[in-house]
Amino acid sequence: MEHRKIYHSLTVQAAGDGPEIVVEGPVTPEHLQTLEMHKDLDSFRRPKDQLEALIEIAGLPEGRIIISRSMNTIVGYVTFHYPDPIERWSEGNMIDLIELGAIEMADDYRGLGLGKKMIQLAFSDEQLENVITFTTEYYWHWDLDKTGLGVWDYRKMMEKLMKSVDMEWCATDDPEICSHPANCLMVRVGKHVPLTSVEQFDHIRFQRRFMY
Ligand SMILES: CC(=O)SCCNC(=O)CCNC(=O)[C@H](O)C(C)(C)COP(=O)(O)OP(=O)(O)OC[C@H]1O[C@@H](n2cnc3c(N)ncnc32)[C@H](O)[C@@H]1OP(=O)(O)O
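Fair warning: this is a prediction, and the values are worked out from it, not measured in the lab. (Residues numbered from 1 in each chain as written. Predicted model: local features only at pLDDT ≥ 70, side-chain atom pairs only at ≥ 80, totals over all residues. Heavy atoms only, no water.)

**Student:** How should the pairing of strand 4 (residues 64-70) be read in this particular structure?
**Tutor:** Regular strands place side chains that alternate from one sheet face to the opposite one. The element strand 4 is extensively covered by neighbouring structure, given that seven of its seven residues are classed as buried. Of the two faces of strand 4, both are covered, the one formed by Arg 64, Ile 66, Ser 68 and Ser 70 as well as the one formed by Ile 65, Ile 67 and Arg 69. Here strand 2 (residues 21-25) pairs with strand 4 via four bridges, running antiparallel. Across the sheet, Val 23 pairs through a bridge with Ser 68, a residue of strand 4. As paired strands, strand 4 and strand 5 (residues 73-81) are joined by seven bridges and run antiparallel to one another. What sits directly across from Ile 67, in strand 5, is Tyr 77. A loop of two residues connects strand 4 with strand 5, the two strands running antiparallel in sequence, and Met 71 in this loop sits at a positive phi of about 50°. (Buried < 20%, exposed > 50% of the residue type's maximum accessible area, 1.4 Å probe, protein only. Helix = DSSP H or I, 4+ residues; strand = E, 2+ residues; numbered from the N terminus. Pairing = 2+ DSSP bridges.)

Here is the structure:
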């Protein structure tokens, strides 16, 4: 299957007279190797380790990394890749099922519209129309402390962010998602995805049908 990677970039003037922010991607591992990670990008791993992960993902055939960059510093990123083999989403080895794995902005760069711009750039030029893109929202990944938002307001923010590229809330019986009502699954079916893949994904979403 073709994983279309078409590089795009745009610039955003940060608040004040700071350097402009470049939103770009999909970026190559070689480009990422020339950059450093902002010290606040620690929601998922230590910044240095997360940069290593980004470099690895960028080198995968299906991997896709979009970044926000101030000069040589990555201030935000979003990742796309095949689901982790230990998770239910990888069952069936679907070649056209891609996970939006993580999105993160450094504290001082939040609320500027950069998260939304990164996601929109990833979907530009119909690059992801031949895949089902999904993301799992678990409240324990959210930065409730720094934002001061409650779980439901945070969930609203995440839904708004994902809906900006037509990702929609989707039902599932996945136990981890069902373990808290604020958790959710969001999905976007590209317009060139065959019905057989949609049906296969339906079976992955619901595995305990005998309960209904
Ligand atoms: C799949 C996963 O990765 S789940 C984990 C998600 N990541 C995290 O929680 C890490 C910590 N959080 C972050 O890094 C950031 O807050 C992000 C990535 C979630 C959002 O990035 P940002 O660049 O701040 O988002 P952006 O500015 O594009 O805003 C998107 C929408 O959310 C709204 N929003 C952003 N911050 C807030 C806030 N603190 N309170 C209320 N709404 C907010 C915006 O108004 C915007 O809505 P609009 O289009 O109606 O204006």
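**Student:** Honestly, the environment of Val 131 in this entry has me stumped. Any pointers?
**Tutor:** Relative to the helices and strands, Val 131 resides in the loop between helix 3 (114-123) and strand 7 (132-137). The sequence separation of Val 131 and Met 1 amounts to 130 residues, and the corresponding C-alpha distance is 9.8 Å. Setting aside residues no more than four positions away along its own chain, Val 131 makes contact with Met 1, Asp 96, Ile 98, Arg 188, Val 189, Gly 190 and Val 193. (Contact = heavy atoms within 4.5 Å.)

**Student:** Hey, could you run me through the site of the ligand in this one?
**Tutor:** Near the ligand lie 26 residues; those nearest to it are Met 105, Gly 111, Gly 113, Lys 116 and Tyr 154. Residue Met 105 places a main-chain N or O atom 2.7 Å away from an oxygen atom belonging to the ligand. A distance of 2.7 Å is found between an oxygen atom of the ligand and a backbone nitrogen or oxygen belonging to Gly 111. The fraction of the free accessible surface of the ligand (990 Å²) that becomes covered by protein chains is 80%. Its atoms largely coinciding with the cavity grid, the ligand occupies the largest pocket. Listed by contribution, the elements that provide at least two residues to the shell around the ligand are strand 6 (97-105), helix 3, strand 7 and helix 5 (151-163). Looking at the shell around the ligand residue by residue, the class counts come to 12 nonpolar, eight polar and six charged. (Near = heavy atom within 4 Å. Polar contact = N/O pair within 3.5 Å; in protein donor to acceptor, adjacent residues only side chain to side chain. Areas by Shrake-Rupley, 256 points an atom, 1.4 Å probe, with all protein chains shown as cover. 1 Å grid on protein atoms, 1.4 Å probe; cavity = no way out; pocket = protein on both sides within 12 Å on 5 of 7 lines; lining within 4 Å. Sits in = over half its atoms within 2 Å of the grid points. Nonpolar A, V, L, I, M, F, W, Y, C, P; charged D, E, K, R; others polar.)

This is a description of form; function is not addressed.
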